[in-house]
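Chain and residue survey
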Amino acid sequence: MAKTIAAVATGNSVSGIGIIRISGDNAIEIADKVFKAVDGTPLSSLKGYTAKFGNVYCDGESFDNAVALVFRNPKSYTGEDVVELSVHGGIFIVEKTLEAVFSAGAVPAQAGEFTKRAFLNGKMDLAQAEGVAALISAQGQEAAKASFNLLQGSLSNKISQVLDELINCSASMAAWVDYPDEEIPDLEENTLKEILENSAASLSELLKNYENGAVMTQGVDTAIVGRPNAGKSTLMNMLSGAQKSIVTHIEGTTRDIVENSVRLGNLVLHLSDTAGIRESDDIVESIGIKKAIDKMNSASLILAVFDSSDTLNDDDRMLIESCKGKPCVAVVNKTDLQRKIDLSQIKTYFDKIVYISAKNNEGTQELEQAVKELLGVENFDSSQPILANQRQKLCVSNAYNYICQAIDGVQMGITYDAINVMIDSAVDELLSLTGKKATEEVVNNIFSRFCVGK
Ligand code: GDP
């Protein structure tokens, strides 16, 4: 019998209410020791999906009002008996309730243990469980939508269609190979090829969308670069809506890299506001400049900021040079001032140019559009199934490779039992994606990345 676990399901901060979740065979019995309904009804006499108002107790003394919500297995998040106690959301009260629940016999839940139990009890597959994690960490509208679809089973359904085809195909081939004398209808080579090609096409579509999905759900590693005083910190502040970088009119203020995640419309940018790129004799500043160049080389997006109220100087030319061949948007800043910059060079080297006034908060939408076009996600459709992480991508790409090998095998006329080995390997990869054949290590690894209480 699995132990009954408990944890705080809401965040560790002061809030209106805090919820303590208890799950396991003794959940209701344990909750009855901590919670007493005002009308005296014990929770153990309640049906599932029933709430009671009452008080929570520690050492016989009540210390808060609470609502207890009872779920009966299998109709709960974990598939076990679950009680959720909602108390006032002070950190002390929430912790005290949790302590009382532990004293009554529950043990602390590990990170992700509620969702792991939901998976083990067949309430969701691994891809859906990963959707839960993605949804919790989603920082923007598209990320939330795509993660919710994952949780609802969009990827699992697509994978299971491919699996059905492959398993049927593999079973027919195995029967034909194992019982050659029986009257088993021959699996036509063309039918076999068609099934394999359709499966490969479905998987290839998922792989193709992976990068776009990752941009939308995981955010974009972005470097803001530009000469000192171009307005990088101001741009970063405009995007983050807070004074994170120090803005001054003295050149070279931003010496190190400031990291911050901000929302640009539907996108999330993980910004690094770097030192300005320039020739410098100052050792500390040179280190900052070196870091800025490294950051430019590793970033998925570069916002190259230019000061439109000044003519281009050597630092700007150095920046233009360093941007060549990289995913850059030229951000021409300070459009509220009189323009002195000669735009012809910028127009020659940058496909995407956006005009903004960071100080006046102007140009965000144009910047969003330019960034989306540059990254190729302007038509991203969050209602389509996407692969949420590297693990899922690896399973699909391995399965895809096995299917391609099988298609080649059919073309070369190799024996059905050899082709079947490749199809079975593809099936194993897809079953490991949904968790039907995932190793304990993989499962533990996935859930260890969840927060406690989820
Ligand atoms: P950085 O060195 O590139 O990070 O530049 P800062 O963001 O520190 O900005 C340098 C100076 O330019 C500050 O005095 C800002 O207030 C000013 N500045 C930045 N953006 C704008 C803008 O759009 N318009 C105007 N008029 N001034 C700006």
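Look up: the structure comes first, before these words.
For every chain, the first residue of the written sequence is number 1, and numbering continues from 1 onward in sequence order. pLDDT decides what is reported in this predicted model: residues at 70 or higher carry local features, side-chain atom pairs at 80 or more are listed and counted, and totals for whole chains, interfaces and linings draw on all residues regardless. Remark: hydrogens and water are excluded; side-chain values derive from all non-hydrogen atoms of the structure.

1. A word on the pattern of salt bridges
Take a side-chain nitrogen of Lys or Arg and a carboxyl oxygen of Asp or Glu: if they are within 4 Å of each other, that pair is a salt bridge. Under the counting rule described, the total for this entry stands at 15 salt bridges. For Glu 130, the salt bridge is made with Arg 391, and the minimal N-O distance between the two is 2.9 Å. Of this pair, Glu 130 sits in helix 4 (residues 126–137) while Arg 391 sits in helix 13 (residues 390–412); the two residues are 261 residues apart in sequence, bridging distant segments of the chain. The same class applies to Glu 130 and to Arg 391, which are both buried. The partner of Lys 158 in a salt bridge is Glu 205, and the shortest N-O contact between them spans 3.7 Å. Taken as a pair, Lys 158 in helix 6 (residues 154–178) and Glu 205 in helix 7 (residues 189–218) lie far apart in primary sequence, 47 residues in all. Residue classification places Lys 158 among the buried residues on the basis of a relative accessible area of 17%. In DSSP terms, a helix is any run of H or I states spanning at least four residues, a strand is any run of E spanning at least two, and both are numbered starting from the N terminus. Burial here depends on accessible area, computed with a 1.4 Å probe over protein chains only, as a share of the maximum for the residue type. Under 20% is buried, over 50% is exposed, and the range in between is partly exposed.

2. A short note on the nonpolar core
Counting 36 residues, the largest nonpolar core has Ile 159, Leu 166, Leu 196, Leu 203 and Ile 423 as its most contacted members. If you list the elements that add at least two residues to this core, you get helix 6, helix 7, helix 13 and helix 14 (416–434). Core analysis: the next-biggest nonpolar cluster, separate from the first, contains 30 residues, Ile 224, Leu 264, Val 305 and Val 331 among them. Each nonpolar core is a collection of buried residues, namely Ala, Val, Leu, Ile, Met, Phe, Trp, Tyr and Cys, held together in the definition by side-chain atoms within 4.5 Å.

3. Comments concerning the layout of surface pockets
Two kinds of site are reported from a 1 Å grid over the protein atoms alone, namely cavities, where a 1.4 Å probe fits but cannot get out, and pockets, open sets with protein on both sides within 12 Å along at least five of seven lines, and residues are called lining when an atom falls within 4 Å of a point. Grid points are joined across faces, edges and corners, and a volume is the space filled by probe spheres set on the points. Here the largest pocket is characterised by a volume of approximately 510 Å³. Along the walls of the largest pocket sit 26 residues, with Glu 130, Ala 133, Ala 134, Ser 137 and Ala 388 positioned nearest its centre. Going through the elements one at a time, helix 4, helix 5 (141–152), helix 7 and strand 10 (267–273) are the ones with two or more residues in the lining of the largest pocket. For the lining of the largest pocket, the residue count by class is 14 nonpolar, nine polar and three charged. As a working rule, the residues Ala, Val, Leu, Ile, Met, Phe, Trp, Tyr, Cys and Pro are called nonpolar, Asp, Glu, Lys and Arg charged, and the rest polar, with Gly in that last group.

4. A few points about the sheet that holds strand 2 (residues 15–23)
Note on sheets: strands pair through backbone hydrogen bonds, and any given pair is parallel or antiparallel. Strand pairing requires that DSSP identify at least two bridges connecting the strands. The strand order across the open sheet built from seven strands is 3-4-5-6-2-1-7, with neighbouring strands paired in mixed fashion. Looking at the sheet topology across the chains shown, the edges are occupied by strand 3 (35–37) and strand 7 (107–108). Note: strand 5 (residues 61–71) against strand 6 (residues 82–89), five bridges, orientation antiparallel. What sits directly across from Val 70, in strand 6, is Val 83. Strands strand 2, strand 3, strand 4 (50–58), strand 5 and strand 6 of the sheet are contacted by helix 1 (residues 27–34), whose axis makes an angle of about 80° with strand 3. Note on contacts: a residue pair is in contact if any heavy atoms of the two residues lie within 4.5 Å. To get an axis, fit a line to the C-alpha atoms, keeping to the stretch in contact for a helix; angles then go from 0 to 180 degrees between the N-to-C directions.

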